[in-house]
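Notes for the structure review
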Amino acid sequence: MMKQAIVGFELDDVGDWRAILACGHRQHVRHNPPSSSRPWVKTAVGRDRFLGYLLDCKLCDEEKLFRIELPMMQATHALMKTGGLTDVVWNFEYRTFLRGKRGRGKPPT
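The structure contained in this document is the topic of the report that follows. (Residues numbered from 1 in each chain as written. Predicted model: local features only at pLDDT ≥ 70, side-chain atom pairs only at ≥ 80, totals over all residues. Heavy atoms only, no water.)

Within the structure shown, the criterion is met by 4 salt bridges. Where glutamate 10 meets arginine 18, a salt bridge forms, and the shortest distance between an N and an O atom there is 2.5 Å. We classify arginine 18 as partly exposed; its relative accessible area is 24%. Across the pair glutamate 10 and arginine 26 runs a salt bridge whose closest N-O atoms are separated by 3.0 Å. Here glutamate 10, found in strand 1 (residues 3-11), pairs with arginine 26, found in strand 3 (residues 26-28); they are 16 residues apart in sequence, far enough to count as distant. In this structure arginine 26 comes out as partly exposed when scored by relative accessible area, which is 38%. (Salt bridge = Lys/Arg side-chain N within 4 Å of Asp/Glu carboxyl O. Buried < 20%, exposed > 50% of the residue type's maximum accessible area, 1.4 Å probe, protein only. Helix = DSSP H or I, 4+ residues; strand = E, 2+ residues; numbered from the N terminus.)

Shown next as structure tokens:
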């Protein structure tokens, strides 16, 4: 996961707090027991204490995967068109690669 520091807070349209991350993305930090217990978000003092705290930025992770995987998929597709790679090999190697990204195996070497 890509860690990003909290640089500020803002309220969304329905009154829930969102952390503003150093990357520019926003992430909700709700106090909604029992699913999420963050009583610190309800006060200005509590929020100030969490400035600089690192959160996992899911959007940064998605953007990183998109930048890496899309070109790989496009290159593999081009190889398939020229007969350099069969569908069976592509499906096996790409699924193995994804399992490695998710920690359920190792990517092909």
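Read on, since the account is not over.
Throughout the structure, instances matching the rule amount to 3 aromatic pairs. Ring geometry for tryptophan 40 against phenylalanine 50: centres 3.8 Å apart, planes inclined by 15 degrees, an arrangement best described as stacked. One end of the pair, tryptophan 40, is in the loop between strand 3 and helix 1 (44-49); the other, phenylalanine 50, is in the loop between helix 1 and strand 4 (54-56), and 10 residues separate them in sequence. In this structure, tryptophan 40 and phenylalanine 50 share a single accessibility class: buried. We note arginine 47 situated over the ring of tryptophan 17; from NZ or CZ to the ring centre the distance is 3.8 Å. (Phe/Tyr/Trp six-rings, centres within 6.5 Å; stacked < 30°, edge-to-face > 60°. Lys NZ or Arg CZ within 6 Å of the ring centre and 35° of its normal.)

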